[in-house]
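Summary of structural features
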Amino acid sequence: QVQLVESGGGLVQAGGSLRLSCAASGRTFSSSAMGWFRQAPGKEREFVAAVSPSRTYYADSVKGRFTISRDNAKNTVYLQMNNLKPEDTAVYYCAADPIMRRRPQYEYWGQGTQVTVSS
């Protein structure tokens, strides 16, 4: 059974940093795309960042502030979030799929972790 488990969310002041982790189990995702999406109350789930075996992709709203990385030995993907803003407040979801995409059409999803940025 494939599982993606996020951790690292929490409450932080504007300008602060958080590091999200997503640990995968049940299969190896080293040749797959892994991404982060977020969903704020009343809004659609939106793309944040993704990493394939060879490239990284970011939403314009997080470029220069967020960094996605992966550790294939640990089957884990990370999202380092710096200079956080109140508009970054959302539930953050990890996702995995054989195909890299910016739409939330990934095959596997985590349960989400809450990130709240206070002003």
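Residues numbered from 1 in each chain as written. Predicted model: local features only at pLDDT ≥ 70, side-chain atom pairs only at ≥ 80, totals over all residues. Heavy atoms only, no water.

Overview of the packing of aromatic side chains
Filter applied, for reference: To pair, rings of Phe, Tyr and Trp, with the six-membered ring standing in for Trp, must have centres within 6.5 Å; the planes then decide the type, stacked if under 30 degrees apart, edge-to-face if over 60, and tilted in the middle. Per the convention used, a helix needs a DSSP run of H or I reaching at least four residues, while a strand needs a run of E reaching at least two, with both numbered from the N terminus. Residue burial is assigned from relative accessible area. The probe radius is 1.4 Å, only protein chains are included, and a residue is buried under 20% of its type maximum, exposed over 50%, and partly exposed in between. Throughout this description, the term charge over a ring refers to an Arg CZ or Lys NZ atom that lies within 6 Å of the ring centre and within 35 degrees of the ring normal.
Under the counting rule described, the total for this entry stands at six aromatic pairs. Note on Y93 and W109: the rings are 6.5 Å apart at their centroids and 80° apart in plane angle, and the pair reads as edge-to-face. Here W109 lies in strand β10 (residues 108–109) and Y93 lies in strand β9 (residues 90–97), a separation of 16 residues in the sequence. What makes W109 partly exposed here is its relative accessible area of 27%. With 6.2 Å between their ring centres and 65° between their planes, Y106 and W109 make a pair best called edge-to-face. Residue classification places Y106 among the buried positions, given a relative accessible area of 4%. Three or more aromatic residues joined by ring pairs make a cluster, and in this case those are F37, F47, Y93, Y106 and W109. Residue placement shows R19 over the ring face of Y78; its charged tip is 4.0 Å from the ring centre.

Here's the deal with the environment of Y58
Heads up, the rule is: Residue contacts are counted whenever heavy atoms from the two residues lie within 4.5 Å of one another. Any N or O atom pair separated by 3.5 Å or less is treated as a polar contact, with the protein-specific requirement of one donor-capable and one acceptor-capable atom, and with residues adjacent in sequence counted only for side-chain atom pairs.
Relative to the helices and strands, Y58 is located in strand β6 (residues 56–58). Residue classification places Y58 among the buried positions, given a relative accessible area of 15%. Spatially, the C-alpha atom of Y58 lies 12 Å from that of M34, the residues being 24 residues apart in sequence. Among residues more than four places away in sequence, those in contact with Y58 are F47, V48, A49, K63, F66, T67, I68 and R102. Of the polar contacts made by the side chain of Y58, one reaches the backbone nitrogen of I68; its length is 2.9 Å.

Some thoughts on the pattern of salt bridges
Operational definition: Salt bridges are identified by distance alone: a Lys or Arg side-chain nitrogen within 4 Å of an Asp or Glu carboxyl oxygen.
Going through the model one piece at a time under the given rule, you end up with five salt bridges. For R38, the salt bridge identified is with D88, shortest N-O distance 2.9 Å. With R38 in strand β4 (residues 33–39) and D88 in the loop between β8 (76–81) and β9, this pair connects stretches of sequence that are 50 residues apart. Residue R38 is classed as buried on the basis of its relative accessible area, which comes to 5%.

Some remarks on the nonpolar core
Rule in force here: Throughout, nonpolar core names a set of buried Ala, Val, Leu, Ile, Met, Phe, Trp, Tyr and Cys residues whose side chains join them through atoms within 4.5 Å.
Counting residues in each nonpolar core, the largest one holds 36 residues, and the members touching the most others are L4, M34, W36, L79, M81 and Y92. For this core, the secondary-structure elements that each account for two or more residues are β3 (18–25), β4, β5 (46–51), β6, β7 (66–71), β8, β9 and β11 (113–118).

Things to note about the sheet that holds strand β1 (residues 3–7)
Quick reminder of the rule: Note on pairing: two strands pair once DSSP finds at least 2 bridges between them. Only the stretch in contact is used when a helix axis is fitted, and all axes are lines through C-alpha atoms; the angle between N-to-C directions ranges over 0 to 180 degrees.
A sheet is described by the order of its strands in space; here four strands give the open sequence β1-β3-β8-β7, paired in antiparallel fashion. A single partner strand is all that each edge strand has here, and the edge strands are β1 and β7. Neighbour to neighbour, the strand axes of the sheet diverge by 15° on average, direction disregarded. Where β1 meets β3, five bridges bridge the pair, whose relative direction is antiparallel. Note on β3: the bridge partner recorded for E6 is C22.

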